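Overview (structure and organization)
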Amino acid sequence: MKKAASYLLPVIIGCIFIPIPLVGDFHFESAMIAAITGAFWAGITTSRTSLKKDSEVIIKITMRVALFGLPLLVFSLITSCLSANGALFWILIPFPAILFGAAIGRFFRKLVAPFPAVLTVLTLLFISLGVLLIEFLTLPQVYYFNHIWGHWPGPIYDETVQVSSSLFYFRGITLLWVLLLWALTDWKKSALPKVLSGISIVGLCVGYIFLSEFGIVSPRSDLQQKLSYHYQTEHFHLFADEEHFSDEDLEFWALKHEFYFDQIVDQLDVDWPEGRMIESYLYANAWQKKELVGAKFTSYVPIWLEQDQLHIAEEHLEYVLLHELVHVISKQFGNDFFNGSWSIGLIEGLAEAIAKDASSESTLDQIMAAKDRYPTAEEMESALSLLGFYADAGAISYTTSGSFVKYLLENYPVSNFKQAYKTTDIESAYNTSFDNLVEGWHASLPDLEIDSVDQRASNRIFSQQSIFQRPCPHSLTETQKLWDDLQYYRITNQKELEEITLRVLFELNPENLIIKREWARNKLESLDAEQVELSIAVDDPDPVLQIFKADAFALLQKWDQAFAQLEITRGVLPESIPRTFTYSFETRSDTLLWKSFTNARYKNIYPSPDEAETYNSTNTLILNELLIEERFDEIISSYAAVLINQEIREDWFDIYIQLIDQLIYMSEFELASQWIEKVNELELRPRYKERLDEQQYWFDFMIVRQ
């Protein structure tokens, strides 16, 4: 009966874990728990002086750990959440950890050391926690390997978690330690332990020499060698991928770094220490960032390190640079332990309140005001805490805390917030109750004008699920994997692989609208218009696909069919189609305009500014947008000079902002000023006004630097 209970108990514990978010999944989180338990259990047991057969202990503990994982495995199979990566994590994380723990316990027992169990526990604690703390406080990476708990892959709430070759390499080092510890205690018995010890020592020396090459650690020096393009400004050292960033790219982003820096230190009243430099690591793409530091789509600032630094992929710079720089600068008034706040909501809320980037069309307050109800004081207190913040989807927590912090900054001295940030004692910092602060925030929201755009933005953000709420948090479909591959091939300009992947995606999901649109766009850009003509049905209800079919006819010079196709497109337009879509007809209103558009959109051939002057404002504006995307700076100002005399519409606000931003960077100040003034005459949404004000600040900054 006792033996049966010893087998049944781990199964019961595994069943209890199933409903717990993340750790109930048969993936790396549950494998880590199994590894920690197994390593300490094996270490303590093998350290006992009365033990005779270490192998029996190891087999027994391995079986119990496997039985703990069995219910998780079965549940993952039933719910279709099982993945090959999850199974590999369960092989590579717990079982080497059990061997490692047993080897340490046996080592102290064989040495006849005093209190071998205590020494074993202390050693395992140092390796599992002490080594982690040393790496955490000295390395810029956000992934970690450990002989006890195996592997932490980096941010997990918005990214896939996969087994890498680095984990195999590291577990090889773990097994070499096991072999060495085992052989050392039998040194005098025969020649074999001596040989095994020598092999282990040589293997470990080689293994540790190549830690950075195999992605086990990423010290700053290693990052700076791989991101070797260096650019220095007054407050920054920029390190970028030299094959991806041009001189002009780096100069532009260096100026943006300094611009945002000035903006933040002024708003937060920070006295920046003279000579203190910030290191900004700019990666070619999210995949390179994942490989080097462990964070893929997540940009981050390791505020706990003494050296100020940012880590951002090129495609995210436009959207997150201001936000991340707030984290760097707020270190100046953070706590003494890790330079931040014990309230994650105050950390992220501050960055969101200054960056205001939750939506390009709605302000933080409008998004909150569009909700059915506001968070209570108790809910808000929870949202500012670590567990409460990550219990919701990132967008929800960021927006809610951002709106609240924005209220605090606008209605109280910034010194109050800085005190609250450092101490996490909000009531003492503001000399009032937390309930009063939340009530004041609520009172500031209802007066805001809310429309359907704000409602859609609010619904989109507050309907998202956090990783803790997803039924299969780490399970990816074949389509999702291929889609990720597609984005990688596209951003690294691997055209052939992009087309192959897109073809496979299209064959697997011929009715998926997003994939079908991407396939059609890719075919047009490859000038394979015949495929688009043949593959899109005349009665296809999607207006975007119908427009692509019309463009295919235009590229093939079948103008009668092209214009007939336009009329078909008009007939399938739903009421909810974006307003700017209706301008697609203006760009194709005659043969000359349509040819000009398709040449630019699909062939990168642009008309001269003199030719563009004869076009309607819609065509000229869209051509200008494409020029900005392709970084044809030499003729952007000429197009902008043509457009300034034509009609402007709020619908095109995003393009106006891009245009103004580029004109200011190119020192076309007179033209940029005219554009700011002209756009300001429109009846702008509150969020648009915020963004236009940002361009005015950028204008003032660049004028001063001339």
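Residues numbered from 1 in each chain as written. Predicted model: local features only at pLDDT ≥ 70, side-chain atom pairs only at ≥ 80, totals over all residues. Heavy atoms only, no water.

A closer look at the overall build of the protein chain
Put simply, the test is: Helix and strand assignments follow DSSP, with helices taken as H or I runs no shorter than four residues and strands as E runs no shorter than two, numbered in order from the N terminus. In this setup the radius of gyration rests on C-alpha atoms only. A globule is expected at 2.2 Å times the number of residues raised to 0.38. Type-normalised accessible area, obtained with a 1.4 Å probe on protein chains alone, sets the label of each residue: buried when under 20%, exposed when over 50%, and partly exposed for intermediate values. The contact rule is simple, with two residues in contact once any of their heavy atoms fall within 4.5 Å.
Looking only at helices and strands, the protein chain has 34 helices and six strands in total. A compact globule built from 706 residues should have a C-alpha radius of gyration of about 27 Å, and the protein chain, at 30 Å, falls within 12% of that. Dimensions along the principal axes, computed over C-alpha positions, put the protein chain at roughly 95 × 65 × 50 Å. By the burial criterion, 54% of the 706 residues in the protein chain qualify as buried. When contacts within the protein chain are restricted to residue pairs at least 6 apart in sequence, long-range pairs at least 24 apart make up 70% of them.

Considerations on a nonpolar patch on the surface
Worth spelling out the cut-off: Here a patch means residues that are over 30% exposed by relative accessible area and free of salt bridges, tied together within 9 Å if like-charged and within 5 Å if nonpolar (Val, Leu, Ile, Met, Phe, Trp, Tyr). Here, Shrake-Rupley sampling with a 1.4 Å probe gives the accessible areas, and only protein chains in the shown set may cover a residue. Every case where a carboxyl oxygen of Asp or Glu lies within 4 Å of a side-chain nitrogen of Lys or Arg is listed as a salt bridge.
A contiguous nonpolar patch, built from Phe115, Val118, Leu119, Leu122, Leu125 and Leu129 and spanning about 580 Å² of accessible area, is present on the exposed surface. Within the element layout of this structure, Leu119 appears in helix H6 (residues 116–138). Exposure remark for Leu119: the relative accessible area of 30% places this residue in the partly exposed category.

So, the sheet that holds strand E5 (residues 278–283)
Definition in use: Being paired, for any two strands, means DSSP has found at least two bridges between them. Helix axes are fitted only over the stretch in contact, all axes being lines through C-alpha atoms; the angle between N-to-C directions runs from 0 to 180 degrees.
Pairing within the open sheet is mixed, and its four strands lie in the order E3-E4-E5-E6. Bordering the open sheet on either side are strand E3 (229–232) and strand E6 (309–313), each of which pairs with just one other strand. With strand direction ignored, the average angle separating the axes of adjacent strands in the sheet is 15°. As judged from the five bridges shared by E5 and E6, these two strands associate in the parallel manner. For Glu279, the partnering residue across the bridge sits in E6 and is Gln309. Docked against the sheet, helix H11 (residues 286–293) engages E5 and E6, running at close to 135° with respect to E6. The strands touched by helix H12 (residues 317–329) are strand E4 (236–240), E5 and E6; relative to E6, the strand with the most contacts, the crossing angle is about 165°.

Focus: the nonpolar core
Rule in force here: Each nonpolar core is a collection of buried residues, namely Ala, Val, Leu, Ile, Met, Phe, Trp, Tyr and Cys, held together in the definition by side-chain atoms within 4.5 Å.
By size, the foremost hydrophobic cluster in this structure holds 113 residues, and its most contacted members are Leu350, Trp675 and Val679. Among the elements that line this core, the one with the most residues is helix H10 (residues 247–267), at ten residues. Val23, Trp90, Ala102 and Leu204 belong to the second-largest nonpolar core, a separate cluster that totals 52 residues.

Section: the pairing of E3
Pairing geometry for E3 and E4, over four bridges, is antiparallel. Bridging across to E4, Gln232 finds its partner in His237. Here E3 folds back onto E4 in antiparallel fashion, the turn holding three residues.

Things to note about empty space enclosed by the protein
Applicable threshold: In the cavity and pocket records, a cavity denotes points on a 1 Å grid over the protein atoms alone where a 1.4 Å probe fits but cannot get out, a pocket denotes an open set with protein on both sides within 12 Å along at least 5 of 7 lines, and lining residues are residues with an atom within 4 Å of a point. Grid points are joined across faces, edges and corners, and a volume is the space filled by probe spheres set on the points. For this scheme, ten residues count as nonpolar: Ala, Val, Leu, Ile, Met, Phe, Trp, Tyr, Cys and Pro. Four count as charged, namely Asp, Glu, Lys and Arg, and the remainder, Gly too, count as polar.
On inspection of all chains with the given rule, the structure shows two cavities of 30 Å³ or more. Volume-wise, the largest cavity comes out at about 70 Å³. Lining the largest cavity are His27, Ser83, Asn85, Thr160, Val161, Gln162, His474, Leu476 and Lys481. Looking at the lining of the largest cavity, its residues break down into two nonpolar, six polar and one charged. Broken down by class, the residue content of the lining of the second largest cavity amounts to five nonpolar, one polar and two charged.

Some details on unusual backbone geometry
Even without glycine at this site, Asn431 takes up a positive phi of about 55°. Looking at the element boundaries, Asn431 is found in the loop between helix H19 (426–430) and helix H20 (434–444). Residue Asn431 is classed as exposed on the basis of its relative accessible area of 71%. The phi dihedral of Asn604 falls on the positive side, at around 60°, and the residue is not glycine.

A look at the packing of helix H27 (residues 559–571) against helix H28 (residues 591–603)
Where we set the bar: Any angle from 65 to 115 degrees is called roughly perpendicular, while one under 35 is roughly parallel, one over 145 is roughly antiparallel, and all others are oblique.
Between H27 and H28, the shortest axis-to-axis distance is 12 Å and the interhelical angle comes to 90°. Relative to H28, H27 is oriented roughly perpendicular. Residues Trp559, Ala562, Phe563 and Leu566 of H27 form the contact with H28, whose participating residues are Thr591, Trp594 and Lys595. Its residues assigned to classes, the contact of H27 with H28 comprises five nonpolar, one polar and one charged.

Considering helix H7 (residues 165–184)
To keep it simple, the criterion reads: One fewer than the residue count of a helix, multiplied by 1.5 Å, yields its expected span.
Over its 20 residues, H7 extends 29 Å from the first C-alpha to the last, a length consistent with the 28 Å expected when each residue adds 1.5 Å. Looking at H7, one finds that the buried residues are Ser166, Leu167, Tyr169, Phe170, Arg171, Ile173, Thr174, Val178, Leu180, Leu181 and Ala183. Residues of H7 that are buried sit in contact with helix H4 (84–92), helix H5 (94–110), strand E1 (144–146), strand E2 (150–152) and helix H8 (191–209).

Notes on a negative patch on the surface
For clarity, the threshold we go by: This count recognises Lys and Arg as positive and Asp and Glu as negative, with His and chain-terminal groups excluded. A single reference atom marks each charge: NZ on Lys, CZ on Arg, CG on Asp, CD on Glu.
Together, Glu378, Glu381, Asp425, Glu427, Asp435 and Glu439 make up a negatively charged patch on the protein surface. When residues of the negative patch are traced back to their parent elements, those giving at least two are helix H15 (377–383) and H20. In this structure, Glu381 sits in helix H15.

What about the environment of Lys418?
Considering the arrangement of structural elements, one finds Lys418 in helix H18 (residues 414–423). Here the alpha-carbon distance between Lys418 and Gly172, two residues 246 residues apart in the chain, equals 47 Å. Setting aside its immediate chain neighbours within four residues, Lys418 contacts Leu268, Asp269 and Phe333.

Digging into the side chain of Arg649
Structurally, Arg649 is set in the loop between helix H31 (633–643) and helix H32 (653–665). In this view, Arg649 contacts Tyr583, Glu586, Thr618, Tyr656 and Leu682; residues no more than four positions away in its chain are not counted.

So, the packing of aromatic side chains
Our working definition: Any Phe, Tyr or Trp ring, taking Trp's six-membered ring, that has another such ring centre within 6.5 Å forms a pair; planes under 30 degrees apart are called stacked, those over 60 apart edge-to-face, and the others tilted. Lysine NZ or arginine CZ positioned within 6 Å of the ring centre and within 35 degrees of the ring normal marks a charge as sitting over the ring.
Evaluated as defined, the whole model comprises 40 aromatic pairs. With a centroid separation of 5.2 Å and an interplanar angle of 40°, the aromatic rings of Phe259 and Tyr260 are classed as tilted. On the basis of an interplanar angle of 55° and a centroid distance of 5.5 Å, the ring pair of Phe259 and Phe701 is categorised as tilted. Of this pair, Phe259 sits in helix H10 while Phe701 sits in helix H34 (residues 686–705); the two residues are 442 residues apart in sequence, bridging distant segments of the chain. There is no split in this pair, since Phe259 and Phe701 are both buried. Three or more aromatic residues joined by ring pairs form one cluster here, namely Phe252, Trp253, Phe259, Tyr260, Tyr665, Trp698 and Phe701. Taking NZ or CZ as reference, Arg64 lies 4.2 Å from the ring centre of Tyr7, over its face. It is Lys256 that lies over the ring of Trp698; its NZ or CZ is 4.1 Å from the centre.

Side note on the pairing of E4
Note the following rule: When the strands point away from the viewer and the path from the first strand over the helix to the second turns clockwise, the crossover is right-handed.
With five of five residues buried, E4 is to be regarded as a mostly interior element. Neither face of E4 is left uncovered, since the one carrying Phe236, Leu238 and Ala240 and the one carrying His237 and Phe239 both have all their residues buried. Relative to E5, E4 runs parallel, the two sharing five bridges. In the strand pairing of E5, Phe239 is matched with Tyr281. Each parallel crossover has a hand, and for E4 linked through H10 to E5 it is left-handed.

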